[in-house]
Amino acid sequence: AAIIEVDNLAYQYEDGTKALQDINLCIEENARVAILGPNGAGKSTLLFHLNALYLAQQGSVKIDFKEVSHQNKDWVRSQVGLVFQDPDDQIFSTTVFEDVAFGLLNFGWEDSEEIKVRVEWALKAVNILDLKDKPPHNLSYGQKKRVAIAGILAIEPKIIIFDEPMAYLDPKGQEEFLNIINQLHEREKTLLVVTHDIDFAAEWADTIIVIKDGKVLATGGTKLLSNLD
Ligand code: ADP
Ligand code: ADP
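Residues numbered from 1 in each chain as written. Chains lettered and ligands numbered in written order. Predicted model: local features only at pLDDT ≥ 70, side-chain atom pairs only at ≥ 80, totals over all residues. Heavy atoms only, no water.

An unreviewed UniProt entry lists the protein under the name ABC transporter ATP-binding protein, from Selenihalanaerobacter shriftii. The Sequence similarities (unreviewed entry) comment attached to the protein in UniProt states, word for word, "Belongs to the ABC transporter superfamily." Quoted verbatim from the Subcellular location (unreviewed entry) field of UniProt, the annotation for the protein is "Cell membrane". (UniProt positions renumbered as here; feature names shortened; annotations may be inferred.)

Here it is in structure tokens:
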């Protein structure tokens, strides 16, 4: 069944930039989606709508058949996790543990034992349990990236969006990331990955979305990649 449905979405920034125009998308549960498109195409603006950082000015965005709105944004964020491209945009706490717990605390979790179980599980999933007491700002880029991912995993959203997750990772980091997303696919998550890497998209994804000039240029299976220039 469709877990994300976007109908006639349009979005214009205050300075008049039409970042999205007439976007229509339907994403199936457990899909592995690669989102491609040049810089400035509107990818980030679209992703921000999926987890209620932005609200539709025109058209609608539905998650699990419920329209994203100001009223249900906390619910939306419990369903849709967004891992930013730059981990420094989502790492603030004094220890890795606290950072990964942040989202759960924000959702009102209070039982410290339950939080501990969830956070340690998330840290193990990205292989950094040994870093849990370290201050995150001293970590390497790849380690910070994993802290950011763990913070999202701890919330156990059904949908996880990664904005250019492989950028700046070394080959080993990239391989570890692939392992993580393959495991998440097996856990029946719906995964959206913004990437410029056509080979990765062709190998990993089952659904391709190409965004250009604020519009969906193409959407379909990996076959459409052979028609792109
Ligand atoms: P891509 O299209 O490859 O995702 P973006 O244009 O979105 O690349 O830029 C990547 C990141 O850099 C984004 O997080 C964006 O917020 C940030 N960014 C883009 N342009 C600038 C800029 N001029 N100054 C600072 N940060 C920027
Ligand atoms: P992408 O993620 O594909 O690089 P973005 O969604 O970041 O694209 O940007 C889409 C368009 O909106 C671009 O023309 C960009 O310059 C513009 N844009 C992005 N953020 C803002 C903003 N805060 N104010 C005005 N224009 C913006």
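Colleague: Kindly report on unusual backbone geometry, identifying the contributing residues and their values.
Modeller: Of note, Asn127 is a non-glycine position whose phi angle comes to about 65 degrees, a positive value. One can find Asn127 in the loop between helix H4 (112-125) and helix H5 (141-153). Located in the positive-phi region is Asp213, a residue other than glycine, with phi close to 50 degrees. Mapped onto the fold, Asp213 is located in the loop between strand S9 (207-212) and strand S10 (215-220). (Helix = DSSP H or I, 4+ residues; strand = E, 2+ residues; numbered from the N terminus.)

Colleague: I'd like to hear about the site of ligand 2, residue by residue, with values.
Modeller: Around ligand 2, a shell composed of Tyr13, Asp15, Thr17, Ala19, Pro38, Asn39, Gly40, Ala41, Gly42, Lys43, Ser44 and Thr45 is seen. In the model, an oxygen atom of ligand 2 is placed 2.6 Å from a nitrogen or oxygen of the Ser44 side chain. Interatomic distance of 2.5 Å between a side-chain N/O atom of Thr45 and an oxygen atom of ligand 2. Contact with the protein chains covers 61% of the free accessible surface of ligand 2, which is 560 Å². When residues of the shell around ligand 2 are assigned to their parent elements, the largest contribution, 3 residues, is made by helix H1 (residues 43-50). Tallied by class, the residues present in the shell around ligand 2 amount to 4 nonpolar, 6 polar and 2 charged. (Near = heavy atom within 4 Å. Polar contact = N/O pair within 3.5 Å; in protein donor to acceptor, adjacent residues only side chain to side chain. Areas by Shrake-Rupley, 256 points an atom, 1.4 Å probe, with all protein chains shown as cover. Nonpolar A, V, L, I, M, F, W, Y, C, P; charged D, E, K, R; others polar.)

Colleague: Which residues make up the packing of aromatic side chains, and what are the values?
Modeller: As enumerated under the stated definition, the model contains 8 aromatic pairs in all. With 5.1 Å between their ring centres and 80 degrees between their planes, Phe162 and Phe177 make a pair best called edge-to-face. Separated by 15 residues along the polypeptide, Phe162 in strand S7 (residues 159-163) and Phe177 in helix H6 (residues 171-186) bring together distant segments of the chain. Phe177 shares its class with Phe162; the two are buried. (Phe/Tyr/Trp six-rings, centres within 6.5 Å; stacked < 30°, edge-to-face > 60°. Buried < 20%, exposed > 50% of the residue type's maximum accessible area, 1.4 Å probe, protein only.)

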